[in-house]
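Examining the three-dimensional arrangement
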Amino acid sequence: MTTTGRRPRLDPSTFQLPVERMRAGYYSDAYFTFTRGVLEDDDHHPDVLMQVFQRERSVLGGVDEAIAILKVCSGRRSPSGEWEPGWGLLEVRALHDGDEIEPWETVLTIQGDYSLFAHLETLYLGVLARRTLISRNVRDVVAAAGGKPILYFPARFDHWQVQTGDGWAAHIAGAIGVSTDAQASWWGGKGMGTVPHGLIAAYGGDTVLAARKFADRFADELNVTVLVDFENDSVRTALEVADALGPRLWGVRLDTSNTMVDRSLWHEMGRFRPTGVVPELVWKVRRALDGAGHGPVRIVASGGFDARRIRAFEEAGVPVDAYGVGTSLLGGSNDFTADVVRADGVPCAKVGREERPNLRLELVE
């Protein structure tokens, strides 16, 4: 990690960037590579101030990644074809990953020869947009949960290549766990998870047998948590698993489909919306576990949870110990914009995009 005045930034090597292709403009909007070409062919090297902002109240993510792109991909080709780094000729100031940001607040500035970094705008804006979206969404559910653990489980709903950076964005926003090693790699963690439906099916639909086999293999390495909805009878299955595993069981996970009604609620339909993981189901499982002497067993709720639904559960005092949240954390947008606001020391901004200094920005060494 590279240290600044306030806290460490991730080293550029963390991101495993495709440096040569980024330098060449392969991932950049063509008009930015054309811009670089025009400036270089005209031997025009304006000293500009580039200002980056977004329009939401949000949680900043991706800024260390954006800085890494500038560090290793800014510059130009010499006449002999050698890459001449541009980082030492730029002055970059930025906020930090995890900072809460206001609408229109400047989060990053780049000052220097525009031809050295014009081709990178698509890249640094893209990583800021994606990672900030994840950080904002995770922070929302963390706040809704009031300190209860949030497990970040959207890996299966998106392309595998986004896992590493998204996992970091979730981590800095407060997620307590992630489901893949890739998501945890930037802080040296490991993926975590529960006994899945696939393993239960592999043992003939016997949740208890699958849980025993899983605990035999992994109980010394992680907190054993078992999905208990395979037979759509979560109360019975939770008790059977708790009886079988004893102190090796950390928790049970309720994940009833939102198109189904758990067997334990069949005789209570008509008084509330019964489908999926509803408060009444959580209470039934909690009371059953407590009544059987399994008070230490936690309950993890998952399946269609977002900040609004978590907040409703918490306000109602539903005894959930942790929430697994997936696809809702990928929704929405959090776009960033970059503008040249000064050229060769003279204000030169598009109308409506005047320079907005931010005293919170820190110089990046």
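Residue positions within a chain follow its written sequence, with the count starting from 1. For this predicted model, a pLDDT threshold of at least 70 governs which residues receive local features, and a threshold of 80 or more governs which side-chain atom pairs are given and counted, while totals over whole chains, interfaces and linings are taken from all residues. Side-chain numbers here rest on the full set of heavy atoms in the structure, without hydrogens or water.

So, about the confidence of the model for the protein chain. The pLDDT value expresses, per residue, how confident the predictor is, ranging between 0 and 100. In the predicted model, the protein chain carries a mean pLDDT of 95, and the fraction of residues at 70 or more is 98%. In this analysis, two residues are considered to be in contact whenever any of their non-hydrogen atoms come within 4.5 Å of each other. Within the model, the stretch residues 1-5 combines pLDDT values under 50 with 15 contacts to residues more than four positions away or in other chains.

Before going further, it helps to spend a moment on the packing of aromatic side chains. Each aromatic ring pair is specified by the distance between its two centres and by the angle formed by the two planes. Aromatic rings from Phe, Tyr and Trp, taking only the six-membered ring of Trp, are treated as a pair when their centres fall within 6.5 Å; an angle between ring planes under 30 degrees marks them as stacked, one over 60 as edge-to-face, and anything in between as tilted. Within this structure, the stated rule accounts for 9 aromatic pairs. Seen from their ring centres, Tyr26 and Tyr27 are 5.0 Å apart, and the 90 degrees between their planes marks the pair as edge-to-face. An angle of 15 degrees between the planes, with centres 4.9 Å apart, marks the rings of Phe53 and Trp104 as stacked. Placement of the pair is Phe53 in strand E3 (residues 47-54) and Trp104 in the loop between strand E8 (100-101) and strand E9 (108-113), with a sequence separation of 51 residues. Exposure classes here rest on a 1.4 Å probe applied to the protein chains alone. A residue is buried below 20% of its type maximum, exposed above 50%, and partly exposed in between. Using a relative accessible area of 0% as the deciding quantity, one classes Phe53 as buried. Ring pairing ties together the aromatic residues Phe305, Phe313 and Tyr323, which thus form one cluster. Geometrically, a charge over a ring is one whose NZ (Lys) or CZ (Arg) sits within 6 Å of the ring centre while staying within 35 degrees of the ring normal. Between the NZ or CZ atom of Arg21 and the centre of the ring of Tyr26, over which it lies, the distance is 4.1 Å. Note on conventions: DSSP H or I runs of at least 4 residues are helices, E runs of at least 2 residues are strands, and numbering of each starts at the N terminus.

Let us now look at the pairing of strand E14 (residues 298-302). Among the 5 residues of E14, 4 are classified as buried, and the element is accordingly described as predominantly covered. Pairing between strands is defined by DSSP: at least two bridges between the two strands are required. In the sheet, strand E13 (residues 249-254) pairs with E14 via 4 bridges, with the strands oriented parallel. Along E14, the bridge assignment pairs Arg253 with Val300. As a crossover connection, the stretch from E13 through helix H10 (residues 279-291) into E14 is right-handed. Two elements, E14 and strand E15 (residues 322-325), share 3 bridges in a ladder whose sense is parallel. Within the sheet, the bridge partner assigned to Ser302 lies in E15 and is Gly324. When the strands point away from the viewer and the path from the first strand over the helix to the second turns clockwise, the crossover is right-handed.

Attention now goes to the pairing of strand E16 (residues 336-343). Strand direction decides the pairing type here: E3 and E16, joined by 7 bridges, are antiparallel. Following the sheet pairing, Phe53 is matched in E16 by Thr337. Of the strand pairs in this sheet, E16 and strand E17 (residues 346-347) are connected by 2 bridges, and their pairing is antiparallel. Looking at E17, one finds that Arg342 is bridged to Pro347. Between the end of E16 and the start of E17, which pair antiparallel, lie 2 residues, with Asp344 showing a positive phi angle near 50 degrees.

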